[in-house]
Every structure is written in structure tokens, then in C-alpha cells.
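Geometric and topological summary
Listed here are the chains, written in short residue letters.
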Amino acid sequence: MISLTRLNGKGIILNAILIELIEETPDTMITLTTGKKITVLEKAEVVVSLVRTYMQEIGSVRATIKSRDAEGS
């Protein structure tokens, strides 16, 4: 889960695994795999950084890298 801020200043906690698309239009709009769209104050690069950190914390990134290494063997 990552902490973000809606345009009205209210904080939200978002399940980063559900993020499908992040775009700046110029506000940052996040599209979830459910089709729901959320607009936040944080820039896209900040959201991407938060998602990367979260994925590393839960071990998702490392598991992906290991499985790719295993495929090459």
C-alpha cells in the first residue's frame, strides 16, 4: 500500500498492486486494473518511486528478478 494525496488534499492509501497506468495530464491520473481512475497531487515519478519501494518491501521485485534468472539457466 502507498500513501497519496487527492486533489482536495485528503490522504488516501492505495493498493499499489492494482495500478495499471500512471499518466500526467498535467495532474497525475492513476488508472487501476478495476477501471477506476484516481487523480492525485504527487507527480508520476513520485508515484512510480513509491510503487517500486513497496514492491521491494513485499519481495515482489526480487521474486520477479529471480524467476527471470531461472528462465535464462
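Quick look at the structure, then. Note that the coordinates shown come from a computational prediction; the quantities given were computed from them, not determined experimentally.

Bringing the sheet that holds strand E3 (residues 19–24) into the picture now. With antiparallel pairing, 3 strands are arranged side by side in an open sheet as E3-E4-E5. One side of each edge strand has no neighbouring strand; the edge strands of this open sheet are E3 and strand E5 (37–40). With strand direction ignored, the average angle separating the axes of adjacent strands in the sheet is 20 degrees. In this structure, strand E4 (residues 28–32) lies alongside E5, joined through 4 bridges in antiparallel fashion. Counted as the bridge partner of Ile30 is Ile38 from E5. The strands touched by helix H1 (residues 44–58) within the sheet are E3, E4 and E5, with E3 carrying the most contacts at an inclination of about 155 degrees.

If you trace the backbone, Thr31 turns up in strand E4. A relative accessible area of 9% places Thr31 in the buried class. One polar contact links Thr31 to Lys37, side chain to side chain, over a distance of 3.3 Å. Setting aside chain neighbours within four positions, we find Thr31 in contact with Leu18, Ile19, Glu20, Leu21, Glu23, Lys36 and Lys37.

Our next topic: the pairing of E3. The pairing of E3 with E4 spans 5 bridges and is classified as antiparallel. For Ile22, the partnering residue across the bridge sits in E4 and is Ile30.

This part covers the nonpolar core. The biggest cluster of nonpolar side chains holds 14 residues, and the ones touching the most others in it are Ile2, Leu4, Leu14, Ile19, Ile30 and Val47. Elements with a contribution of two residues or more to this core: strand E1 (2–5), strand E2 (11–14), E4, E5 and H1. Considering each element in turn, this core owes the most residues, 4 residues, to H1. What Ile19 contacts, discounting residues up to four positions off in sequence, is Ile2, Leu14, Ile30, Thr31, Leu32, Val47 and Val51.

About the thresholds
- Residue positions are given per chain, counting from 1 as you read along its sequence in written order.
- Under the rules for a predicted model, residues below a pLDDT of 70 receive no local features and side-chain atom pairs below 80 are neither given nor counted, while totals for whole chains, interfaces and linings still include all residues.
- With hydrogens and water stripped out, all remaining heavy atoms of the structure feed into the side-chain values.
- In this analysis, strands are considered paired if DSSP registers two or more bridges between them.
- Only DSSP runs of H or I covering at least 4 residues are called helices, and only runs of E covering at least 2 are called strands; the numbering of each starts at the N terminus.
- With axes taken as lines fitted to C-alpha atoms, and helix axes fitted only over the stretch in contact, angles between N-to-C directions fall between 0 and 180 degrees.
- Contacts between residues were defined by any pair of non-hydrogen atoms, one from each residue, lying within 4.5 Å.
- Any residue under 20% of the maximum accessible area for its type is buried, any over 50% is exposed, and the rest in between are partly exposed; the area is computed with a 1.4 Å probe on protein chains only.
- Here a polar contact is taken to be a pair of N or O atoms separated by no more than 3.5 Å, where protein atoms must pair a possible hydrogen donor with a possible acceptor and residues adjacent in sequence count only if both atoms sit in side chains.
- Buried Ala, Val, Leu, Ile, Met, Phe, Trp, Tyr and Cys residues that are joined via side-chain atoms within 4.5 Å together make up what is termed a nonpolar core.

None of the figures reported here should be taken as evidence of function without further support.
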